[in-house]
Amino acid sequence: MQVKRQNINLLVDDNAMRIYLVSPDKVGKYPGILFYSDIYQLGSPITRLADHLAGYGFVVAAPEIYHRQLPIGTVIEPTEIGKIQGNEAARKTSTSEFDTDANAVIEFLSQYDEVTSQKIGAMGFCIGGHLACRAALNPLVKASVCVYPTGIHSGKLGREKADTLTRFSEIKGDLLLIFGSLDPHVPEEGRNTIKQALEKGKVKHTIREYVANHTFMRDDGYRFDPVSSDQASQEIISFLQSILSDND
C-alpha cells in the first residue's frame, strides 16, 4: 500500500529527538515499529527500508539515534570519516540514554492514534540491531528484529560496556536475528555467544544467516546483496506480521 511520511520531534532529557514517521496512507490502526538506523542515521538507504516496511501495514517511527550529540537532521555520509563520526557519537552516548530514547518512542507509539497499542515491535541495523535488542527489554515490545546487530556479543554500544547479554532473560517477546556469515563485525564466535545466551535466557528466537557481509541490506554500498536483502526482507515482514498482525 502507499505510505505517508512526516517528521516530528519528541522532547527527551530536554533534547529534541527527530522522528521520521512513516505509515500506511489508508486510514486505520496498525502495529507500531520502533525502527533504528545504522551508525549513519537517517539517510535515504535507511528511510527507503522504513518506507518499504510501512507499506506492509506498519507505523514506523525512526529516531535520530545521536540527537544528543549532533544537530537535528544530520545524515552521516558512509565514508571513512563518516564512520569515525558515527562511532564517536555512539561512544559519547550512554547505554541508559539509548534506553531512555527507546522507551520514549515506544511510549509515543503506544499512544499514537494510528497504532494498535498492544502491537509494538522494534527493528534495527548494525548498532540499531543492538538497540532493537535492548528495546525488547521493554515489556510493551512483542517482537524485535535485529539485523547484523553489532556489539551484543562484546558489550560494545556506547559510553560504557552494555549489559545486553546478561539481561536476555528479561525479554518476554520474540526475537528475529539476521546475520551475514561473512560479517567481520559479528564473527562466528560472536554469533555463537549470542545463540548460547539466548538459549540460556530462554528467549523465544529465530536466527537466520545469509552468505553475505555486514550492511548487506544497505543499497548504496559495495556490500549490498540484492538477493540476500530481498530474502531477509520477506523473512522480516513475515515474522512481524505473524506476531503483530491483528489476528485476535
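Owing to the predicted nature of the structure, the values given are computational and were not obtained by experimental measurement. (Residues numbered from 1 in each chain as written. Predicted model: local features only at pLDDT ≥ 70, side-chain atom pairs only at ≥ 80, totals over all residues. Heavy atoms only, no water.)

Caption draft 1: Seen up close, the sheet that holds strand β5 (residues 115–125). Across the sheet, which stays open at both edges, the 8 strands sit in the order β1-β2-β4-β3-β5-β6-β7-β8 with mixed pairing between neighbours. Bordering the open sheet on either side are β1 (3–12) and β8 (204–210), each of which pairs with just one other strand. Ignoring which end each strand starts from, the neighbouring axes of this sheet average 20 degrees apart. With 5 bridges connecting them, strand β6 (residues 141–147) and strand β7 (residues 174–180) associate as parallel partners. Along β7, the bridge assignment pairs A143 with D174. The strands touched by helix α4 (residues 127–135) within the sheet are β3 (30–36), β5, β6 and β7, with β5 carrying the most contacts at an inclination of about 145 degrees. The strands that helix α6 (residues 226–244) touches are β3, β5, β6, β7 and β8; relative to β6, the one it contacts most, it runs at about 170 degrees. (Pairing = 2+ DSSP bridges. Helix = DSSP H or I, 4+ residues; strand = E, 2+ residues; numbered from the N terminus. Axes fitted to C-alpha atoms, helices over the stretch in contact; angles between N-to-C directions. Contact = heavy atoms within 4.5 Å.)

Caption draft 2: Spotlight on the pattern of salt bridges. Using the criterion set out here, one finds 19 salt bridges in the structure. The salt bridge partner of E114 is K4, with a shortest N-O separation of 3.0 Å. With E114 in the loop between α3 (95–111) and β5 and K4 in strand β1, the pair connects residues that are 110 residues apart, well separated along the chain. Using a relative accessible area of 17% as the deciding quantity, one classes E114 as buried. Accessibility expressed as a relative area gives 32% for K4, which makes it partly exposed. When the shortest N-O distance is used, the salt bridge between E97 and R68 registers 3.7 Å. With E97 in helix α3 and R68 in the loop between β4 (59–63) and α2 (80–91), this residue pair connects regions lying 29 residues apart in the sequence. On the accessibility criterion, E97 (18% relative accessible area) is buried. Look at the salt bridges and you will find they share partners, linking D13, R68, E97, D101 and R159 into a network. (Salt bridge = Lys/Arg side-chain N within 4 Å of Asp/Glu carboxyl O. Buried < 20%, exposed > 50% of the residue type's maximum accessible area, 1.4 Å probe, protein only.)

Caption draft 3: Summary view of the environment of K26. On the secondary structure map, K26 appears in the loop between β2 (15–24) and β3. A relative accessible area of 60% means that K26 is categorised as exposed. C-alpha of K26 to C-alpha of L53: the two residues are 27 residues apart in sequence and 15 Å apart in space.

Any functional reading would require information beyond the geometric quantities listed.
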